[in-house]
Amino acid sequence: MKRARPHAVLGAALVAASSVPWPGAHGSAVSDPEPAWELLVPAGRLGRFGLRVERAEFMGPVSRAAARITEAWGEEPWLVLGGGDEAAPRLSRLGPDGIETVTLRTGANGRVEARRSMIEWRASSPGGLPTRSEPAFVAALGALGEPLPGFASVDRGVENLTRVWWIPGDIGAISSRVARLAAVRGLSPLIRFEAPADAPESLRGGRVLAFGGAGVVAVVTFARHAGGVAVVVHYQERRP
């Protein structure tokens, strides 16, 4: 199975975005108060890229909020791309360190909800995260092979990691191997869940295992996928 490289995925997304007209791009934005951006993912990693996600509310309608962002961004020299549709427009701009994207949609009370994500590829410490070694359990899972690009974040003293593997074989053998690796790293079994017989075909035979230790919870899902097994690990650890 040939894996898509992160550069290729980002490139395809940008090409797709550039083909959709941006609503209100040529209108004049109304001078509304600057919204306060609330952090949703303060410091994350998407593969080797830094990630930050924020939320804010603008005065409506959507077209006015879109025009306001377009006008503000037009004052800088970076490439701007429009995407999405009239109901949920999306605006992205390429800068020297990465890409910033804002998606808009109608929210409550006539206001507009905005989600802003910033992906950095030249930051020395992606997403503001200090360099840390991989947790012992997640590092041990390297025995399964090379993972696909994953996600990491730190929020209120809790470190979150998601790693994904695609492995030839069957769920029984692979899940037993993961359970042994967890035991060796001092994690105890918490939950074992088997997909019921009446589950959708795509989920049948699937399995969920959860392990725990001092300040650590790891949930691992196993599902049949393209002649092998998709293994998704969600690891959470509270920092001292």
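Residues numbered from 1 in each chain as written. Predicted model: local features only at pLDDT ≥ 70, side-chain atom pairs only at ≥ 80, totals over all residues. Heavy atoms only, no water.

Caption draft 1: Broad picture of the pattern of salt bridges. Throughout the structure, instances matching the rule amount to 13 salt bridges. For Arg 55, the salt bridge identified is with Glu 113, shortest N-O distance 3.9 Å. Of this pair, Arg 55 sits in strand β2 (residues 49-59) while Glu 113 sits in strand β6 (residues 111-120), and the two are 58 residues apart along the sequence. The structure contains a network of salt bridges with shared partners spanning Glu 38, Arg 55, Glu 57, Arg 105, Arg 111, Glu 113 and Arg 115. (Salt bridge = Lys/Arg side-chain N within 4 Å of Asp/Glu carboxyl O. Helix = DSSP H or I, 4+ residues; strand = E, 2+ residues; numbered from the N terminus.)

Caption draft 2: How the structure looks around the confidence of the model for the chain. Residue-level pLDDT values for the chain average 77, and 78% of them are 70 or greater. Averaged pLDDT values over the elements of the chain bottom out at 39 in helix α1 (residues 6-18) and peak at 94 in helix α4 (residues 171-184). Here residues 1-30 is modelled with pLDDT under 50, and outside its nearest four sequence neighbours on either side it reaches 48 contacts, counting other chains as well. Of the regions scoring below 50 in pLDDT, residues 124-130 engages in 21 contacts with residues more than four places distant in sequence or in other chains. (pLDDT = per-residue confidence, 0-100. Contact = heavy atoms within 4.5 Å.)

Caption draft 3: Structural context of the packing of aromatic side chains. The final tally for this structure, using the stated rule, is 2 aromatic pairs. With 6.1 Å between their ring centres and 75° between their planes, Trp 37 and Phe 58 make a pair best called edge-to-face. Taken together, the residues span a long stretch of sequence, with Trp 37 in the loop between α1 and β1 (38-46) and Phe 58 in strand β2 at a distance of 21 residues. In this structure Trp 37 comes out as partly exposed when scored by relative accessible area, which is 23%. Using a relative accessible area of 5% as the deciding quantity, one classes Phe 58 as buried. Just above the ring of Trp 37 sits the side chain of Arg 116; from NZ or CZ to the centre is 3.9 Å. (Phe/Tyr/Trp six-rings, centres within 6.5 Å; stacked < 30°, edge-to-face > 60°. Buried < 20%, exposed > 50% of the residue type's maximum accessible area, 1.4 Å probe, protein only. Lys NZ or Arg CZ within 6 Å of the ring centre and 35° of its normal.)

Caption draft 4: Geometry of unusual backbone geometry. Here the phi dihedral of Asn 109 falls at roughly 60°; this positive angle occurs in a residue that is not glycine. Looking at the secondary structure, you find Asn 109 in the loop between β5 (98-106) and β6.

Caption draft 5: Region of the structure containing a nonpolar patch on the surface. The grouping of Leu 190, Ile 191, Phe 193 and Val 217 at the surface amounts to a nonpolar patch, some 390 Å² of accessible area in total. Among the elements that take part in the nonpolar patch, strand β9 (residues 188-194) stands out by supplying 3 residues, more than any other. By the element assignment, Leu 190 lies in strand β9. (Patch = residues over 30% accessible without salt bridge, like charges linked within 9 Å, V, L, I, M, F, W, Y side chains within 5 Å. Areas by Shrake-Rupley, 256 points an atom, 1.4 Å probe, with all protein chains shown as cover.)

Caption draft 6: Quick look at the side chain of Thr 101. You can see Thr 101 is positioned in strand β5. Only 2.9 Å separates the side chain of Thr 101 from the side chain of Ser 92, close enough to count as a polar contact. Those residues in contact with Thr 101, other than ones at most four positions away along the chain, are Arg 90, Leu 91, Ser 92, Arg 115, Arg 116 and Ser 117. (Polar contact = N/O pair within 3.5 Å; in protein donor to acceptor, adjacent residues only side chain to side chain.)

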